[in-house]
Amino acid sequence: MRIAVGGMKKTEMEAAIRAAAPDAEITVTNDMTGAQLIKQGKVDYYFGACESGGGAAISILIGLVGYTKCCTVCKNGGAPDPEQIKKFVDEGKVVFGMNLDSIERTVPILIEALKNK
């Protein structure tokens, strides 16, 4: 599994991914490069975080990769919903946004859904 990480708290996101998927190849980058890596097939997924989970976390990727490939898996003030995350993965989403406060709770659920795809 190859994952690009962008947005805010990249180091925290990288650590959460490593804990949930020790064998994952992680590229810590910015939004523009992350979008290019997805489009070129050099990474399989992009994880981003911001205050809301749907704004700066994935907005550039929505524009460059396409709305149908992107989703917010946990919004500010919410909790990650494993069934909704599984649904997004099953729909073929490859760009995942989440709010900053949910990184440690959301990443393991998202990784599990991706592994079971």
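Keep in mind that what you see is a predicted model, and the values were worked out from it rather than measured. (Residues numbered from 1 in each chain as written. Predicted model: local features only at pLDDT ≥ 70, side-chain atom pairs only at ≥ 80, totals over all residues. Heavy atoms only, no water.)

Looking at this structure, how should I read the overall build of the protein chain?
The secondary structure content of the protein chain amounts to five helices and five strands. The order of helices and strands in the protein chain, counted from the N terminus, is β-α-β-α-β-α-β-α-β-α. Its C-alpha atoms give the protein chain a radius of gyration of 12 Å, within 12% of the compact-globule value 13 Å for 117 residues. Residues classed as buried in the protein chain amount to 47% of the 117 residues present. Across the protein chain, every contact between residues at least 6 apart in sequence was considered, and the portion connecting residues at least 24 apart equals 67%. Counting every atom, the protein chain has about 5,700 Å² of accessible surface; 50% of that belongs to carbon and sulfur. (Helix = DSSP H or I, 4+ residues; strand = E, 2+ residues; numbered from the N terminus. Rg over C-alpha atoms; globule rule 2.2 N^0.38 Å. Buried < 20%, exposed > 50% of the residue type's maximum accessible area, 1.4 Å probe, protein only. Contact = heavy atoms within 4.5 Å. Areas by Shrake-Rupley, 256 points an atom, 1.4 Å probe, with all protein chains shown as cover.)

Honestly, the pairing of strand β3 (residues 45-50) in this entry has me stumped. Any pointers?
Within a regular beta strand, the side chains point alternately toward one face of the sheet and then the other, so they alternate between its two faces. The buried count for β3 comes to six of six residues, which makes it a mostly enclosed element. Residues Tyr45, Phe47 and Ala49 line one face of β3 and the alternating positions Tyr46, Gly48 and Cys50 line the opposite face, and both faces are buried. Relative to β3, strand β1 (residues 2-7) runs parallel, the two being bridged by five bridges. Among the inter-strand pairings, Ile3 is bridged to a residue of β3, identified as Tyr45. Note: β3 against strand β5 (residues 95-99), five bridges, orientation parallel. Within β5, the residue paired with Cys50 across the bridge is Asn99. (Pairing = 2+ DSSP bridges.)

I tried to follow the packing of aromatic side chains on my own but got confused; where do I start?
All told, the structure shown has two aromatic pairs when counted by the stated rule. Ring centres 5.9 Å apart and planes at 90° place the aromatic pair Phe47 and Phe96 in the edge-to-face group. Of this pair, Phe47 sits in strand β3 while Phe96 is found in strand β5, placing the two residues 49 residues apart along the sequence. Across the pair, Phe96 and Phe47 agree in class, each one buried. Every member of this aromatic cluster is reached through a ring pair, and the members are Tyr45, Phe47 and Phe96. (Phe/Tyr/Trp six-rings, centres within 6.5 Å; stacked < 30°, edge-to-face > 60°.)

Even after reading the chapter, I still don't get the state of the cysteines, so can you show me in this structure?
One way to say it: the disulfide is the covalent bond shared by the sulfur atoms of two cysteines. Counted according to the given criterion, the structure contains zero disulfides. No disulfide involves Cys71; its sulfur sits 7.7 Å from the nearest other cysteine sulfur, which is in Cys70. Cys50 supplies the cysteine sulfur nearest to Cys74, a cysteine that is in no disulfide, at a spacing of 11 Å. The class for Cys74 is buried, based on a relative accessible area of 2%. (Disulfide = S-S within 2.5 Å.)

How should the environment of Ile85 be read in this particular structure?
Among the structural elements, Ile85 can be located in helix α4 (residues 82-90). Given the relative accessible area of 1%, Ile85 is considered buried. Residues Ile85 and Lys9 lie 76 residues apart in sequence; the distance between their C-alpha atoms is 21 Å.

How should I be thinking about a nonpolar patch on the surface in this particular structure?
A contiguous nonpolar surface patch, about 240 Å² in accessible area, is contributed by Met32, Ile60 and Leu64. Looking at where Leu64 falls in the secondary structure, it is placed in helix α3 (residues 59-65). (Patch = residues over 30% accessible without salt bridge, like charges linked within 9 Å, V, L, I, M, F, W, Y side chains within 5 Å. Salt bridge = Lys/Arg side-chain N within 4 Å of Asp/Glu carboxyl O.)

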